[in-house]
Amino acid sequence: MRAGLRLRQVVNLANGSTLAGLGVAALGRARVARGPDGLFTGTGYRLPVPPAPAFCLGNVIVTRLGEIAPSSPLFRHEARHATQYAWCGGVAMVPLYLAAAAASWALTGDFGSRNVFERRAGLADGGYTDKPLRPGLRRAVARSGAFRPGSRLTGSGPRACAPGRILPARASAARDGSSASPSR
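Here's a quick rundown of the structure. (Residues numbered from 1 in each chain as written. Predicted model: local features only at pLDDT ≥ 70, side-chain atom pairs only at ≥ 80, totals over all residues. Heavy atoms only, no water.)

Describing the pattern of salt bridges
Thinking step 1. Throughout the structure, instances matching the rule amount to three salt bridges.
Thinking step 2. Between Arg80 and Asp125 there is a salt bridge whose closest N-O contact spans 3.0 Å. One end of the pair, Arg80, is in helix 3 (residues 73–88); the other, Asp125, is in the loop between helix 5 (116–121) and helix 6 (135–144), and 45 residues separate them in sequence.
Thinking step 3. When its relative accessible area of 31% is taken as the criterion, Arg80 is described as partly exposed.
Thinking step 4. On the basis of relative accessible area, Asp125 is assigned to the partly exposed category, the value being 23%.
Thinking step 5. The partner of Arg119 in a salt bridge is Asp130, and the shortest N-O contact between them spans 3.1 Å. Of the two residues, Arg119 sits in helix 5 while Asp130 sits in the loop between helix 5 and helix 6, which places them 11 residues apart along the sequence.
Thinking step 6. For Arg119, a relative accessible area of 31% translates into the label partly exposed.
Thinking step 7. Counted as one network, the salt bridges with shared partners bring together Arg114, Arg119 and Asp130. (Salt bridge = Lys/Arg side-chain N within 4 Å of Asp/Glu carboxyl O. Helix = DSSP H or I, 4+ residues; strand = E, 2+ residues; numbered from the N terminus. Buried < 20%, exposed > 50% of the residue type's maximum accessible area, 1.4 Å probe, protein only.)

Written as structure tokens, this is what we have:
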């Protein structure tokens, strides 16, 4: 196992998130088995919450499915969440994730689309799609001029306001001939 994956395994064990994952898998009567890269899989999860077909707690990937192939996009997506648990200090990720899901829902009407954790784990791999801002928010942003082509937040051209497209301030300023500092 690579050193980074071993570190993830040790950190998630130490921060309690893997033990919490094993406990949740047991509560949901999932069959737990060792998987690759220091991960565990809990298949056949039976509790109604969370409603997702798969989720991760520490180094434990829990799913309602009968099996989950390590080569599948969903497995890779959930493995990225295991790394996020290590970076976020374990079960502290749960309220952070819920806050990100609430923000995503407020912005788009979808819990995963603008959720930073889901985006970093790979939206498509997790079965999510990128959704636009709610119509009222799009209109408010358009009226504010914050995302007009050539602004410091977008850049220019027909794809300037594509979802998730934000250019660094320095690149935008250089393009419009401005010498303004990025901190203004």
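Focus: the side chain of Ser17
Thinking step 1. Here Ser17 lies in helix 2 (residues 17–27).
Thinking step 2. A polar contact of 2.7 Å, which involves the side chain of Ser17, links it to the side chain of Asn15.
Thinking step 3. With residues near it in sequence (within four places) discarded, Ser17 still touches Asn12, Leu57, Gly58, Tyr85, Gly90 and Val91. (Polar contact = N/O pair within 3.5 Å; in protein donor to acceptor, adjacent residues only side chain to side chain. Contact = heavy atoms within 4.5 Å.)

With respect to the nonpolar core
Thinking step 1. Core analysis: the largest hydrophobic core is formed by 21 residues, its most contacted members being Leu39 and Val62.
Thinking step 2. Looking at this core, the elements that each hand over two or more residues are strand 3 (54–57), strand 4 (60–63), helix 3 and helix 4 (93–108).
Thinking step 3. With five residues, the top contributor of residues to this core is helix 3.
Thinking step 4. Other than its neighbours up to four places away in sequence, Val62 contacts Gly21, Ala25, Gly42, Tyr45, Pro53, Ala54 and Phe55. (Core = buried A, V, L, I, M, F, W, Y, C linked by side-chain atoms within 4.5 Å.)

Re the sheet that holds strand 4
Thinking step 1. The four strands lie next to each other as 1-2-4-3, forming an open sheet whose pairing is mixed. Edge positions in the sheet fall to strand 1 (31–34) and strand 3, since each of these pairs with one other strand and no more. Within the sheet, the average angular offset between the axes of one strand and its neighbour, ignoring direction, is 20 degrees.
Thinking step 2. Note: strand 3 against strand 4, four bridges, orientation antiparallel. Each residue of the ladder has a partner; that of Cys56, found in strand 4, is Ile61.
Thinking step 3. On top of the sheet, helix 3 reaches strand 2 (40–43), strand 3 and strand 4; it is set at about 25 degrees to strand 3, its chief contact. (Pairing = 2+ DSSP bridges. Axes fitted to C-alpha atoms, helices over the stretch in contact; angles between N-to-C directions.)

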